[in-house]
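Here's the letter readout for the chains.
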Amino acid sequence: VTRLSGVYLNSGYDIKSLVQAILTSREFISPQAYLANVKSPAEYAATALRSLGAAYNPVGAVTAIGNMGQVLFDPPSVFGWPSGLGWINTASMLARYNFPTVVQTTEENSASGLDAAQVFGSGIQDDAGVHTIVADLFPDWVPANIIPVLDSSTSALPDAVSKTKDAVRLMMCTPYYNLN
């Protein structure tokens, strides 16, 4: 606090300098801070849609986020929504695990922007498709032992849509995806 308040005072009360000092501080990027907070339902859904370039029916997205425990624009108190482990319970985790199954482009859900054929179609190898999705959902890092599990799970499936659904579902169910 002393260091950051010094930055703020020495910059002539410049918010940009303060935010830059926070975002580049060793505490902000420390191993203790990385993957230390559970994503809120809104963060979970928005991150998935943005990372995958997918679309989702807005009413359906609000319903899905509500099923995960966060009613948008209706916080439980003046302090807002809980953070951290407050988002983890049996109902919210089930809703999180079900959310990825409706984010795919399929014959039944043409409103989504995620095209399974682009990932697994046109002669691309299954593991290359899985690696493409891994790179989209985990741009920074994913443990190396996760990828072989995804490869083996998707290799037995018959078509690109099933493989894409399975890969996205499994990755979004990992603890690494549920944490910030």
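Residues numbered from 1 in each chain as written. Predicted model: local features only at pLDDT ≥ 70, side-chain atom pairs only at ≥ 80, totals over all residues. Heavy atoms only, no water.

Moving on: the environment of Cys173. Checked against the element boundaries, Cys173 lands in the loop between α9 (160-172) and α10 (175-178). Separated by 75 residues in the primary sequence, Cys173 and Asn98 place their C-alpha atoms 9.2 Å from one another. (Helix = DSSP H or I, 4+ residues; strand = E, 2+ residues; numbered from the N terminus.)

Attention now goes to the environment of Arg3. In this fold, Arg3 is placed in helix α1 (residues 2-10). With 18 residues separating them in the primary sequence, Arg3 and Ala21 have C-alpha atoms 9.2 Å apart. At 2.7 Å, the side chain of Arg3 forms a polar contact with the side chain of Glu27. (Polar contact = N/O pair within 3.5 Å; in protein donor to acceptor, adjacent residues only side chain to side chain.)

Interaxial distance between α1 and helix α2 (residues 15-23) falls to 8 Å at its minimum, and their mutual angle equals 150°. The orientation of α1 with respect to α2, classified from their angle, is roughly antiparallel. Every pair of crossing elements has a handedness; the one defined by α1 and α2 is right-handed. Here α1 contributes Leu4, Val7 and Tyr8 to the contact with α2, which in turn contributes Ile15, Ser17, Leu18, Ala21 and Ile22. Taken together, the residues that form the contact of α1 with α2 break down as seven nonpolar, one polar and no charged. (Axes fitted to C-alpha atoms, helices over the stretch in contact; angles between N-to-C directions. Parallel < 35°, antiparallel > 145°, perpendicular 65-115°, else oblique. Left-handed = near helix turned anticlockwise from the far one by under 90°. Contact = heavy atoms within 4.5 Å. Nonpolar A, V, L, I, M, F, W, Y, C, P; charged D, E, K, R; others polar.)

A word on the packing of aromatic side chains. This structure, assessed with the given rule, holds four aromatic pairs. Look at Tyr44 and Tyr177: their rings are 5.5 Å apart centre to centre, the planes differ by 75°, and that puts the pair in the edge-to-face class. Taken together, the residues Tyr44 in helix α3 (residues 41-52) and Tyr177 in helix α10 connect sequence positions 133 residues apart. With respect to burial, Tyr44 and Tyr177 carry one shared label: buried. (Phe/Tyr/Trp six-rings, centres within 6.5 Å; stacked < 30°, edge-to-face > 60°. Buried < 20%, exposed > 50% of the residue type's maximum accessible area, 1.4 Å probe, protein only.)

In an α-helix, one turn spans 3.6 residues; hence positions three or four apart end up facing the same way. Of the residues making up helix α8 (residues 146-155), those classed as buried are Ile146, Ile147, Leu150 and Thr154. On an axial view of α8, the arc spanned by its buried residues comes to 95°, and they lie on one face. (Arc of directions from axis to C-beta.)

What follows deals with the side chain of Lys39. Relative to the assigned elements, Lys39 resides in the loop between α2 and α3. In terms of polar contacts, Lys39 uses its side chain to reach the backbone carbonyl oxygen of Tyr177, at 2.9 Å. What Lys39 contacts, discounting residues up to four positions off in sequence, is Tyr44, Thr47, Trp87, Arg96, Tyr177, Asn178, Leu179 and Asn180.

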